[in-house]
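Examination of the molecular architecture
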Amino acid sequence: MPTRSTQGPVGSGVPPVRRHRRAPIWPLEFYASAIGKKAVMAATGIVIMGFVLTHMLGNLKIFQGREGDGTHHLDTYGEYLREILVPIFPHTGFLWVLRAGLIVAFALHIHAAASLTIINRRARPVGYKGGRRYMAGNYPARAMRVTGVLFGLFIIFHLFDLTWGPANGDFERGAAYNNLTGSLERWWAALIYVVAMLLLALHLYHGAWSFFQSLGWNNPRFNAWRRMFAVGFTVLVVGGNLAILSAIMLDQV
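Residues numbered from 1 in each chain as written. Predicted model: local features only at pLDDT ≥ 70, side-chain atom pairs only at ≥ 80, totals over all residues. Heavy atoms only, no water.

Quick look at the nonpolar core
For the record, the criterion: In these notes, a set of buried Ala, Val, Leu, Ile, Met, Phe, Trp, Tyr and Cys residues joined through side-chain atoms within 4.5 Å is what counts as a nonpolar core. For every residue, the accessible area (1.4 Å probe, protein chains only) is compared with the maximum for its type, and the residue is labelled buried under 20%, exposed over 50%, or partly exposed between those bounds. Helix and strand definitions follow DSSP, with helices as H or I runs of at least four residues and strands as E runs of at least two, each counted in order from the N terminus. Should any heavy atoms of two residues lie within 4.5 Å, those residues are considered in contact.
One finds I62, L180, L200 and L204 to be the most contacted residues of the largest nonpolar core, which totals 31 residues. At the level of secondary structure, the elements contributing two or more residues to this core comprise α2 (34–59), α6 (144–163), α7 (176–184), α8 (187–214) and α9 (223–249). In terms of residue count, α8 provides more of this core than any other element does, 12 residues in total. Not counting residues within four places of it along the chain, the set of residues in contact with I62 comprises H72, L74, Y177, L180, T181, I244, I248 and V253.

Looking at the packing of aromatic side chains
Given two aromatic rings, one states the distance between the centres and the angle between the planes to describe the pair. For clarity, the cut-off: To pair, rings of Phe, Tyr and Trp, with the six-membered ring standing in for Trp, must have centres within 6.5 Å; the planes then decide the type, stacked if under 30 degrees apart, edge-to-face if over 60, and tilted in the middle. By the criterion adopted, a ring carries a charge over it if an Arg CZ or a Lys NZ lies within 6 Å of its centre and within 35 degrees of its normal.
Summed over the entire model, instances satisfying the criterion amount to 8 aromatic pairs. Seen in terms of ring centroids, W26 and F30 are 5.2 Å apart; in terms of plane orientation they differ by 10°. Their pairing is stacked. Here F30 and W26 lie together in helix α1 (residues 26–32), a separation of 4 residues that amounts to about one turn. Taking NZ or CZ as reference, R226 lies 4.0 Å from the ring centre of W209, over its face. The ring of W209 is capped by R227, whose NZ or CZ atom sits 4.4 Å from the centre of that ring.

What about the environment of A189?
You can see A189 is positioned in helix α8. Assessed through its relative accessible area of 0%, A189 is described here as buried. Counting along the chain gives 21 residues from A189 to N168, while the straight-line C-alpha distance between them is 9.6 Å.

Here it is in structure tokens:
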């Protein structure tokens, strides 16, 4: 079958037809590389770490008890979140902006992790003979994909339980204290939250340790400080959440 020539006859003086490619969009071009994906994983990881820390600190208000009018401090805090930047934003408007940002961060974090896994597998299409030995690795590092997927499933349950309500028979919109205590007084729900905190501990520890390396801040002189930060941050977040869980189960709040 004859094909259309992309250049004129020889000696005709007609310049060849050149197909112009669109100029690449720099952020997309950067993200297409392995380095870009690692940087996005680190940046979104920082956002997620900031969220789990502030979420835990906010929930610690359950220990403050009730105000003079009988309103629980946790309910007051929940209403404050819905009133941020009102009337510039409508009621709960800015809260939804924050939620949208978190959704984007989670989506990019998951996509970057999955893409890097695919890149690594393509780079080594043949598996390790005799099995792989993790000389330098550790269990949290090897479990990142599994803990990430399982914790993602927990987040879905958490939203249905304490944000939207279908998984919580006593759910009442705006009643943060009653919703939280009503949920965790169910033994099976409390067990789900305990397991989720163990998964979060593994994921947070390795994430807090490795995001320095993903950003290129890796030096043997600082590794001890990196490990201390990873352990301290994980203990702070997971310990705070487990303290809340234990207090509710023991009817101490």
